[in-house]
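Examining the three-dimensional arrangement
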Amino acid sequence: MPVRVVDTAAPSSQTSTGQDANAGQPSPPSCSLLSAGRCFAGTQNVSCLQKDEAWKVNVRIHGCDLEQGYLCGTMEALNVPLADTPVVTFWEGEIVDAKNYTFFTGKWEASPEDDIRHWSKFPSFTPLLSQIETDGGKSLDLSNYPHIFMRWKEQYFVNVGVDCGLTIAGFYYVCFSCSDGSISGFYYDPNSSPFQKLELKCTNEKHSGFTFSSYELQ
């Protein structure tokens with residue numbers, strides 16, 4: 001979800017060619033709640049030292065490819081004070097599977113220390129920490145793990161201009177529960193308030209989407 005611009009510094013132009021791939025690693029568990037068309041609703045806390053504030057948020061997954069560690073969707077913020085209309089952004093996600101992506105971001109101005117600090121906010125990450133400290137998590141088998149870890153990066157505004165007074169320079173560390181479809185996340189951007197928490201619940205609603213295996217729009 002976009003956040004208020006608090007610094008005029010431009011976001012890093014650093015790019016990454018991706019994480020070290022390990023073809024021998026299985027994919028994350030197949031989860032019906034993490035699929036194209038699935039919808040989620042909740043809030044993001046955007047509080048700062050001066051003000052306590054939370055925005056209502058809706059998320060829809062438009063595509064998901066577990067084999068490639070990729071998903072994408074839209075995020076809608078409903079009560080943004082600076083906007084006359086709900087603000088919608090398109091995002092792309094990386095699924096941490098030790099095959100396509102690891103727990104270390106390697107871009108977006110996030111250091112390894114930033115990564116560990118944010119992932120450690122999720123209780124379900126704790127059992128994995130020692131192995132990650134040993135080999136970066138490359139030997140982890142996450143195929144039967146009850147949670148799926150992801151990074152979501154907003155790419156562009158869908159219905160407002162870039163001069164709307166909000167920024168999408170940062171990204172989300174995300175933890176998804178395979179049991180109930182709940183999502184928790186923390187937004188990272190060096191120029192925004194730290195640890196803005198995203199909390200979403202899976203709704204019963206499911207809209208049409210597309211799957212990468214068929215390459216068809218539904």
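Residues numbered from 1 in each chain as written. Predicted model: local features only at pLDDT ≥ 70, side-chain atom pairs only at ≥ 80, totals over all residues. Heavy atoms only, no water.

Quick look at the confidence of the model for the protein chain
For the protein chain, the average pLDDT comes to 82, and 77% of its residues sit at 70 or higher. For the stretch residues 208-218, pLDDT sits under 50, and the model shows 20 contacts to residues farther than four places along the chain or on other chains. (pLDDT = per-residue confidence, 0-100. Contact = heavy atoms within 4.5 Å.)

Focus on the nonpolar core
Taken as a class, soluble globular proteins show a tendency for nonpolar side chains to be buried jointly. Counting residues in hydrophobic clusters, the biggest one holds 24 residues, and the most contacted among them are Leu 34, Leu 71, Met 150, Trp 152 and Phe 176. Where this core is concerned, the elements lending two or more residues are strand E3 (54-65), strand E4 (70-77), strand E5 (87-95), strand E6 (147-157), strand E8 (171-177), strand E9 (183-188) and strand E10 (196-206). Sorting elements by how many residues they give to this core places E3 first, with 4 residues. Beyond its immediate sequence surroundings of up to four residues, Trp 152 is in contact with Val 59, Leu 71, Met 75, Trp 91, Glu 92, Gly 93, Phe 171, Tyr 172, Val 174, Ile 183, Leu 198 and Leu 200. Membership of the second largest hydrophobic core comes to 17 residues, among which are Val 96, Phe 103, Leu 140 and Phe 186. (Core = buried A, V, L, I, M, F, W, Y, C linked by side-chain atoms within 4.5 Å. Buried < 20%, exposed > 50% of the residue type's maximum accessible area, 1.4 Å probe, protein only. Helix = DSSP H or I, 4+ residues; strand = E, 2+ residues; numbered from the N terminus.)

Focus: the pattern of salt bridges
Where side chains of opposite charge bring their charged atoms close, a pairing between them can arise. The final tally for this structure, using the stated rule, is 5 salt bridges. Between Lys 99 and Glu 67 there is a salt bridge whose closest N-O contact spans 3.4 Å. Of this pair, Lys 99 sits in the loop between E5 and helix H1 (112-119) while Glu 67 is found in the loop between E3 and E4, placing the two residues 32 residues apart along the sequence. You can call Lys 99 buried: its relative accessible area is 13%. Note on Glu 67: relative accessible area 48%, which makes it partly exposed. Glu 199 serves as the salt-bridge partner of Lys 197, at 3.7 Å between the closest nitrogen and oxygen. Accessibility expressed as a relative area gives 33% for Lys 197, which makes it partly exposed. What you see here is one network of salt bridges that share partners, running through Glu 94, Lys 107 and Arg 151. (Salt bridge = Lys/Arg side-chain N within 4 Å of Asp/Glu carboxyl O.)

Comments concerning the side chain of Ser 143
Looking at the element boundaries, Ser 143 is found in the loop between helix H2 (129-135) and E6. With relative accessibility at 15%, the residue Ser 143 sits in the buried group. At 2.6 Å, the side chain of Ser 143 and the side chain of Asp 141 are in polar contact. (Polar contact = N/O pair within 3.5 Å; in protein donor to acceptor, adjacent residues only side chain to side chain.)

Some details on the packing of aromatic side chains
Per the counting criterion, the structure on display carries 18 aromatic pairs. Ring plane angle 80 degrees and centroid distance 6.2 Å describe the contact between Phe 40 and Phe 176, whose orientation is recorded as edge-to-face. Residue Phe 40 is found in strand E2 (residues 38-45), and its partner Phe 176 is found in strand E8; the two are separated by 136 residues along the sequence. For the pair Phe 40 and Phe 176, a shared accessibility class is recorded, and that class is buried. Between the aromatic rings of Trp 108 and Phe 171, the centroid separation amounts to 5.0 Å while the plane-to-plane angle is 45 degrees, which identifies the pairing as tilted. In this pair, Trp 108 sits in the loop between E5 and H1 while Phe 171 sits in strand E8, placing the two residues 63 residues apart along the sequence. Overall, Phe 171 belongs to the buried group, its relative accessible area being 1%. In textbook terms, an aromatic cluster arises when at least three aromatic residues are bridged by ring pairs, as seen for Phe 103, Trp 108, Trp 119, Phe 122, Phe 125, Tyr 145, Phe 149, Phe 171, Tyr 173, Phe 186, Tyr 188 and Phe 195. It is Lys 107 that lies over the ring of Trp 108; its NZ or CZ is 4.5 Å from the centre. The ring of Phe 195 has Lys 121 sitting right over it, with the charged end atom 4.3 Å from the ring centre. (Phe/Tyr/Trp six-rings, centres within 6.5 Å; stacked < 30°, edge-to-face > 60°. Lys NZ or Arg CZ within 6 Å of the ring centre and 35° of its normal.)

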